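Each chain, letter by letter, is given below.
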Amino acid sequence: MSDEQPTTSPAEPPSPGGADARRAEAMQTCPPFRPAVLRRQIALDSAFRWMLLILLLVFILVGISVGEAGSGGVGNAGGEVPGSDATGGGGSGLVLLIVLGAAWVWMTLSGAKAAQRLGVITALLDIDPARAESLIAQTQHRWPLPRPIRLLLYHRLAVLRHRQQQFAEAALICRTLLGYKLGSADPRPGRMVAATPTLRLGEASGSSTAPTSSSPAATGAVRSHLLLMLTECQLAANDLAGAYQALMELHRGRLGLIESLQRMALQLRYEVAAGHDAAALHHLDSKLRLAELMPAPACGALHLLLIAPAQRLGRTTLADWLHHRAELLCTPEQLAAQG
Amino acid sequence: MSTSATATAFAPPSPQQVHAHLERYAATGPSKVATWAPLALLVAAVVLAVNVEGGALAILPWLILLAMFIYSGVRTARLRTLEGRAIYVQELAMLRRHVESLRLAWRLLPSVTHLVELHTRTVALIGHNLEQVQAYESALAVLDYLLARMPADSPAAVQLRVQRAIAQLESDHLLDADETLRRLRDLADSQPPTTVSALWHLGRLLQQVRTHHDQDAADSAANLVEQLRPLGVEAGYGHALAALAQHRLAQRPQQAMPAAPPEDDDEPARLDPQQRRQEAALWWSRATLLLSVDALVDRFPELGELKRDAAMVATTSRHTPKDAAPTS
């Protein structure tokens, strides 16, 4: 498993003797994602769970059979779990029960710790991506982990790579994870809304609405989020056919409001990139009403995006109107990037 | 919340009703019984498994484990249902269906008293919806309730305090609002501007307009577009208030004199009435580009003054695209 081991980041220059140096040394980066590694980790996790389950079943069956063999009727001393068997098997039965319990507790604690870290990683994705990556690298190699936790961990890695604009790797992780069963593919509306008290509600439609929970339900929401990320990665790589497929997948499921807004923005990007100008401007009024629910930069970006198709179709009044609105909504950096 | 016989009639709850509802359904956190019962049952199951003798009783530990498993499943399903309802309420609020959102949040509150985080979210949603339906006194009751239960310096608390200042301005508690805005003055210089700093600027502008400090409002509007930008289309409210300040200044008799140069570099240039009118028209066109005139006047009735002014009507922009119909 040496190829999966996290590597120490060479990017951080050590400052002699300081806490920064120790922090830099402790920082780890995730190795390039390989689907085979994830498959192996999931297989090992499953093997551990099955082993526990089989041992438990054996324990129960042996207990019942020993009880039946040793009892003449109800109330006989042998008619219970192996722990009380007078033949000496009782001691070993109790030991096995304790071992099974310990293994179960170990697995549960390992999963609980990883779930706890998942929350920290989610919080760090925006403010300290290097630390988030280091935590992902450390947690990935825990064994055993519950399958949803393992998948969510890789989901966070996909989010990280997506934010680092490493679109090829992010797309590969997304595609791989989408190959696994991720709970309900039809999460209830708005499952992606951040689970923090959202006092100014428009903030909820930001791009950082990764599912925050590690519950199985959250893995259902993950599917939609993965598809959204995959679409964006493919648009960034100019893979329009791939983006179309991902958008079709997104249209098959029922999405929450935030996800619907994100899908609409991605679909517009796709339509503009593919030259479907009329489709991009179709029902513009309702599209813009929805865009107004997004944070200002995202709303402004959508206005900027629509200027080109309006111009190509000779609708200069509309193009000017969109431009004036974009000037009020976009940050100076966005406007400068647009030229 | 009082509603009349018809389904569409709606009256927001009074502050007293809000107080009573929040007190009656205060967050209690998870019950101790619910927390410790699974562990106690597990211990009981182990004790039974080790000690009980006899065929019939031997299955009791397994029955206990099965019951725990079912209970855990039911509990998880219920949590998911409540979470789903809270998200639905939030989505309704985002879609500006505030009355429906308020109704559902009000009804949801009794079910989430044992879930502190969800309870806080639901109360925050009630407050937000009350503000949006212009029940500012009731909204103040909710904001005070929330502020009393969170650390004073947390980002959420700072945002709530700005929201409270705006609600106070809307409900004529001008002195209280002034004190809050003064205390949060540091937000004025936030770089880059944030949603909270933008709300602060909107609150200050509203305060200046409500207290007829129109000159101050006009003077501080130099960077208003940048300062309000994080609010998205709702920045239009601020632009409209800036237009109102300039409009009022243009109407004042003492302004009917030629523009004078500023006495020092920091002082903004004094404009003549014609320039004031042009400035007012510019701000009004920006405001109406982002929001409809009806939405503006509905939120701030004093903006009706601009709506009725013929010169302003001429500069009103369309907040929806002129030729958005499909080309086909």
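Residues numbered from 1 in each chain as written. Chains lettered and ligands numbered in written order. Predicted model: local features only at pLDDT ≥ 70, side-chain atom pairs only at ≥ 80, totals over all residues.

This paragraph deals with the overall build of chain B. Across its full length, chain B holds 17 helices and zero strands. When burial is assessed residue by residue, chain B has 39% of its 328 residues classed as buried. At a minimum sequence separation of 6, the contacts of chain B that also span at least 24 residues come to 62%. (Helix = DSSP H or I, 4+ residues; strand = E, 2+ residues; numbered from the N terminus. Buried ≥ 20, exposed ≤ 12 C-beta atoms within 10 Å, placed from the backbone. Contact = placed C-beta atoms within 7 Å.)

Turning our attention to the overall build of chain A. When helices and strands are counted, chain A shows 14 helices and two strands. Counting only residues that meet the buried cut, chain A has 41% of its 339 residues in that class. Residue pairs at least 24 apart in sequence account for 64% of intrachain contacts in chain A once pairs closer than 6 positions are excluded.

The subject of this paragraph is the confidence of the model for chain A. Residues and elements named next belong to chain A. Here chain A averages 78 in pLDDT, and 72% of its residues register 70 or above. Long-range and interchain partners of residues 8-17, a stretch whose pLDDT sits below 50, account for 14 contacts in this model, where long-range means more than four residues apart. For the stretch residues 72-87, pLDDT sits under 50, and the model shows 50 contacts to residues farther than four places along the chain or on other chains. (pLDDT = per-residue confidence, 0-100.)

Take the nonpolar core next. Within the largest apolar cluster, 148 residues are counted, with the highest numbers of intra-cluster contacts made by Ala158 and Cys174 of chain A together with Leu241 of chain B. Tallying contributions element by element places helix H13 (residues 235-251) of chain B first for this core, with 10 residues. Setting aside chain neighbours within four positions, we find Leu241 of chain B in contact with Leu205, Leu206, Val209, Ala217 and Phe300 of chain B. (Core = buried A, V, L, I, M, F, W, Y, C linked by C-beta atoms within 7 Å.)

Residues and elements named next belong to chain A. Cis peptide bonds are those with omega within 30 degrees of zero, and the linkage from Trp143 to Pro144 qualifies with -5°. Mapped onto the secondary structure, Pro144 falls in the loop between helix H4 (129-140) and helix H5 (147-163). For Asn238, which is not glycine, the phi torsion reads 60° and is therefore positive. Note on placement: Asn238 falls in the loop between helix H7 (216-236) and helix H8 (240-252). Its identity is not glycine, yet His283 carries a phi of approximately 50°, on the positive side. Checked against the element boundaries, His283 lands in the loop between helix H10 (277-281) and helix H11 (284-291). By C-beta crowding, His283 is classed as partly exposed, having 13 other C-beta atoms within 10 Å.

Here we take up helix H14 (residues 273-290) of chain B. Over its 18 residues, H14 of chain B extends 26 Å from the first C-alpha to the last, a length consistent with the 26 Å expected when each residue adds 1.5 Å. Restricting attention to buried positions, one finds in H14 of chain B the residues Arg276, Arg277, Glu279, Ala280, Ala281, Trp283, Trp284, Arg286, Ala287, Thr288, Leu289 and Leu290 of chain B. Those residues of H14 of chain B hidden inside the fold are in contact with helix H13 (316-329) of chain A together with H13, helix H15 (293-299), helix H16 (304-308) and helix H17 (310-315) of chain B. (Expected span 1.5 Å × (residues − 1).)

A word on the packing of helix H10 (residues 195-210) of chain B against H13 of chain B. Residues and elements named next belong to chain B. For the pair H10 and H13, interaxial distance at closest approach is 10 Å and the crossing angle is 30°. When the axis of H10 is compared with that of H13, the two are roughly parallel. For the pair H10 and H13, the crossing hand works out as left-handed. Along its contact with H10, which presents His201, Leu202, Leu205, Leu206, Gln208 and Val209, the element H13 presents Tyr237, Gly238, Leu241, Ala242, Leu244 and Ala245. Looking at the contact of H10 with H13, its residues break down into nine nonpolar, three polar and no charged. (Axes fitted to C-alpha atoms, helices over the stretch in contact; angles between N-to-C directions. Parallel < 35°, antiparallel > 145°, perpendicular 65-115°, else oblique. Left-handed = near helix turned anticlockwise from the far one by under 90°. Nonpolar A, V, L, I, M, F, W, Y, C, P; charged D, E, K, R; others polar.)

Turning our attention to the packing of helix H8 (residues 155-170) of chain B against helix H9 (residues 174-183) of chain B. A pair of packed helices can be characterised by two numbers: the angle between their axes and the separation between those axes. Residues and elements named next belong to chain B. Running from N to C, H8 and H9 cross one another at 155°; their axes reach a closest spacing of 8 Å. Comparing their axes, H9 and H8 come out roughly antiparallel. Where H8 crosses over H9, the two elements pack in a sense that is left-handed. Judged by residue contacts, Arg161, Arg164, Ala165, Gln168 and Leu169 of H8 engage Leu174, Asp176, Ala177, Thr180 and Leu181 from H9.

Residue and element names in this part refer to chain B. With 89% of its residues at a pLDDT of 70 or more, chain B shows a mean pLDDT of 85. Here residues 2-6 scores under 50 on pLDDT; set against residues more than four positions off or in separate chains, the count is five contacts. Predicted confidence for residues 324-328 stays below pLDDT 50, and this span has nine contacts to residues more than four positions away or in other chains. At the level of chain-chain contacts, confidence expressed as ipTM amounts to 0.81, with global pTM at 0.77.

Every α-helix winds through 3.6 residues per turn, so residues three or four apart in the chain are directed the same way. Residues and elements named next belong to chain B. Across its 16 residues, H10 extends 22 Å between first and last C-alpha, which sits within 8% of the 22 Å expected from 1.5 Å per residue. Most of H10 is tucked away: 15 of the 16 residues are buried. Phi turns positive one or two residues past the end of H10, at His212, with a value near 60°.

In this section: the environment of Ala188 of chain B. Residues and elements named next belong to chain B. Within the secondary structure, Ala188 is located in the loop between H9 and H10. Using a count of 14 C-beta atoms within 10 Å as the deciding quantity, one classes Ala188 as partly exposed. Sequence spacing of Ala188 and Leu199 is 11 residues, and the spatial spacing of their C-alpha atoms is 9.8 Å.

Another aspect to go through is the environment of Val222 of chain A. All names here are of chain A. Of note, Val222 is situated in helix H7. When the 27 C-beta atoms within 10 Å are taken as the criterion, Val222 is described as buried. It is 9.9 Å that separates the C-alpha atoms of Val222 and Arg156, two residues lying 66 residues apart in sequence.

Time to look at the environment of Ser317 of chain B. Residues and elements named next belong to chain B. Residue position: Ser317 is located in the segment after H17. The spatial distance from the C-alpha of Ser317 to the C-alpha of Leu290 is 8.5 Å, given a sequence separation of 27 residues. If sequence neighbours within four positions are ignored, Ser317 has contacts with Ser285, Thr288 and Leu289.

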